[in-house]
Amino acid sequence: MRKNYDVIVTGARCSGSSLAIYLARAGYRVLLIDRSSFPSDTLSTNTFFNNTVTLLRELGVMDELLKTHVTPVKQIKFQLEDTVIEGPMPEMNGEDAGYCIRRTYLDHLLFQQAEKEQNVTALEEFRLTDIIWEEAKVAGVRGVSFKTGVNEFYAPLVVGADGRNSTIRQLVKSEKVLSSPSTVGIYFGYFSGIHPERKPAFEVYKKKDRMAILFPTNHQMYVVVVNFPLENKELLKNFKKDPEKSIRQQVIDHFPNTSLLERFKNAKLEESPKGLVGYENYWYRGMGNGWALVGDAICFKDPAMAQGIHDAIYGAKILANVNSKHTLQQPDWNQMAEEYQKSIQSEFMSRYYMGCELSKNQPITGQENAINQLISMNTTLKEKFLGIYNYANEPEDFQNELLKIIGSNS
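The written sequence of each chain sets the order in which its residues are numbered from 1. Owing to the predicted nature of the model, reporting of local features is limited to residues with pLDDT of at least 70; listing and counting of side-chain atom pairs is limited to 80 or more, with chain, interface and lining totals taken over all residues. Excluding hydrogens and water, the side-chain values take into account all heavy atoms of the structure.

**Things to note about the pattern of salt bridges**
Spelled out, the test is: Salt bridges, as used here, are contacts in which a Lys or Arg side-chain nitrogen is within 4 Å of a carboxyl oxygen on Asp or Glu. What counts as a helix is a DSSP run of H or I of at least four residues, what counts as a strand is a run of E of at least two, and both are numbered from the N terminus. Summary of the burial criterion: residues with accessible area below 20% of their type's maximum are buried, those above 50% are exposed, and those between are partly exposed, where the area comes from a 1.4 Å probe applied to protein chains only.
All told, the structure shown has 28 salt bridges when counted by the stated rule. Salt-bridge contacts for K207 lead to D82; the nearest nitrogen and oxygen are separated by 2.6 Å. Of the two residues, K207 is situated in strand 14 (residues 201-207) and D82 in the loop between strand 4 (75-80) and strand 5 (83-88); the sequence distance between them amounts to 125 residues. Look at K207 and you get buried, because its relative accessible area is 11%. The partner of E244 in a salt bridge is R248, and the shortest N-O contact between them spans 3.1 Å. Remark: R248 and E244 occur in helix 7 (residues 243-254); sequence separation between them is four residues, near one turn of the helix.

Here it is, written out as structure tokens:
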């Protein structure tokens with residue numbers, strides 16, 4: 001018997017489970033599938049700001065996430081060469097704290113919430129092998145279940161929420177709209193024994209062509225992230241050979257005039273480090289005849305922006321809203337695709353370009369250093385700068401404030 005749904009969502013992590021929840025609450029019958037079983041980990045900096053807390057409360061999982069021995073973070077600190085830009089995270093919707101929550105918790109709780117929704121059927125350990133086409137339109141999926149063998153499922157819309165290496169994106173041959181290769185390698189590990197400098201903060205340090213990022217995560221651990229230039233082949237070789245030693249040397253050797261050396265003395269690596277090398281910032285076409293993409297499947301930017309979780313969840317909300325305005329029985333796919341692409345680009349594109357600039361790993365120029373010093377000394381400018389990361393304001397708001405201050409001083 002043919003198994004029919006309104007929407008099939010492939011990939012059940014942040015974007016997929018969030019999309020399933022939003023669609024189910026809008027009345028759609030959703031099949032949610034993933035090749036993994038939960039709880040399970042995935043490559044991520046795990047970080048989101050207080051604007052995303054609002055979304056997680058809306059989805060119904062935030063209270064459970066707070067039970068995972070996680071540290072609320074209300075401060076952001078940048079140390080760019082010797083200039084420190086530090087302050088409270090601007091409040092959003094009554095929320096004043098962000099979090100760094102392991103994906104083993106976040107994805108699992110979102111998946112469990114999706115399973116509870118009346119209109120969601122959820123399948124773990126289902127490996128997608130192909131999509132089903134009918135008259136030049138995607139009409140369903142074919143795959144192998146660990147429990148039941150080969151299965152076919154049908155729906156007017158199939159959504160790829162299956163990450164950077166999206167199978168759906170490859171099968172529908174979505175067009176790559178933008179691409180900017182990264183010149184940095186990223187390694188990160190989970191360390192215990194690191195204490196906050198003063199208050200818990202999201203910390204970013206940049207010296208020349210090196211970067212270190214610290215996020216306090218579950219069970220009093222820290223995610224320690226280091227970026228280094230890929231052109232340094234010997235350094236890349238060392239990271240691959242002994243990532244723990246290389247992370248420690250990067251933090252200790254390259255960031256003088258910071259608290260990192262002292263705070264790292266008693267740090268203990270709790271899990272094998274993970275690396276991301278040779279990635280690109282990209283943007284794909286997000287919708288076509290019977291298919292759509294969401295989360296990292298449609299766009300990805302430098303992890304140092306810490307926007308991936310937000311983009312996954314809010315992108316799912318955008319897609320659900322677009323679907324709710326149209327009928328999936330006789331849709332105008334061109335109109336839906338245009339509406340979705342415009343909406344998601346309007347929301348995420350400015351920070352995508354910021355991620356592209358980060359990935360170029362350029363040393364801070366004298367002019368940029370002067371601007372950073374100005375930001376550090378001006379309360380309004382600092383708030384505008386820090387507020388870019390939690391959508392308290394747009395990058396253009398910061399630029400306009402900067403130009404106004406520079407103009408008044410000239």
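**Regarding the environment of Y222**
Spelled out, the test is: Residue contacts follow a heavy-atom distance rule, with two residues in contact if any of their heavy atoms lie within 4.5 Å.
Mapped onto the secondary structure, Y222 falls in strand 16 (residues 222-229). For Y222, the residues in contact, after removing those within four places along its chain, are G189, Y190, F191, I194, H195, P196, E203, L214, F215, P216, T217 and R263.

**Description of the environment of K199**
Following the sequence through the fold, K199 ends up in the loop between strand 13 (184-192) and strand 14. K199 gets classed as exposed once you look at its relative accessible area, which sits at 58%.

**Let's talk about the sheet that holds strand 2 (residues 30-33)**
Selection criterion: At least two bridges found by DSSP between two strands is the condition for calling them paired.
One open sheet accounts for six strands, arranged 7-2-1-11-21-20; its pairing is mixed. In this open sheet, the two edge strands, each paired with only one partner strand, are strand 7 (120-123) and strand 20 (287-288).

**Details of helix 4 (residues 103-116)**
Stated precisely, the cut-off is as follows: Each residue after the first adds 1.5 Å to the expected span of a helix.
Its 14 residues place the ends of helix 4 19 Å apart at the C-alpha level, agreeing with the 20 Å of an ideal helix rising 1.5 Å per residue. Listing the buried residues of helix 4 in full gives R103, L106, D107, H108, L109, L110, F111, Q113 and A114.

**Observations concerning the packing of helix 1 (residues 14-25) against helix 9 (residues 308-324)**
Let me state the cut-off plainly: Each axis is a line fitted through C-alpha atoms, and for a helix only the stretch in contact is used; angles between axes span 0 to 180 degrees, taken between their N-to-C directions. Angles are sorted into four bins: roughly parallel if under 35 degrees, roughly antiparallel if over 145, roughly perpendicular if 65 to 115, and oblique for all others. Two helices cross in a left-handed way if the nearer one is turned anticlockwise from the farther one by less than a right angle. They cross in a right-handed way if the turn is clockwise. Asp, Glu, Lys and Arg are counted as charged, while Ala, Val, Leu, Ile, Met, Phe, Trp, Tyr, Cys and Pro are counted as nonpolar; the rest, among them Gly, fall into the polar class.
Running from N to C, helix 1 and helix 9 point in directions that differ by 30°, and their axes come no closer than 8 Å. Compared by their axis directions, helix 1 and helix 9 come out roughly parallel. Helix-helix and strand crossings are classified by hand; for helix 1 and helix 9 the assignment is right-handed. Residue-level contacts link C14, S15, S18, L19, Y22 and L23 of helix 1 to I309, A312, I313, A316, K317, L319, A320 and N323 of helix 9. Tallied by class, residues from the contact of helix 1 with helix 9 come to 10 nonpolar, three polar and one charged.

**Considerations on the nonpolar core**
For clarity, the threshold we go by: Each nonpolar core is a collection of buried residues, namely Ala, Val, Leu, Ile, Met, Phe, Trp, Tyr and Cys, held together in the definition by side-chain atoms within 4.5 Å.
Judged by nonpolar contacts, the single largest core of 115 residues is most densely connected at L56, F78, V159 and Y340. Of all the elements, helix 10 (residues 333-360) adds the most residues to this core, at nine residues. If we ignore the near neighbours within four places in the chain, the residues touching V159 are V7, I8, V9, T10, L19, A292, V294 and L319. I194, L214, L230 and F264 belong to the second-largest nonpolar core, a separate cluster that totals 21 residues.

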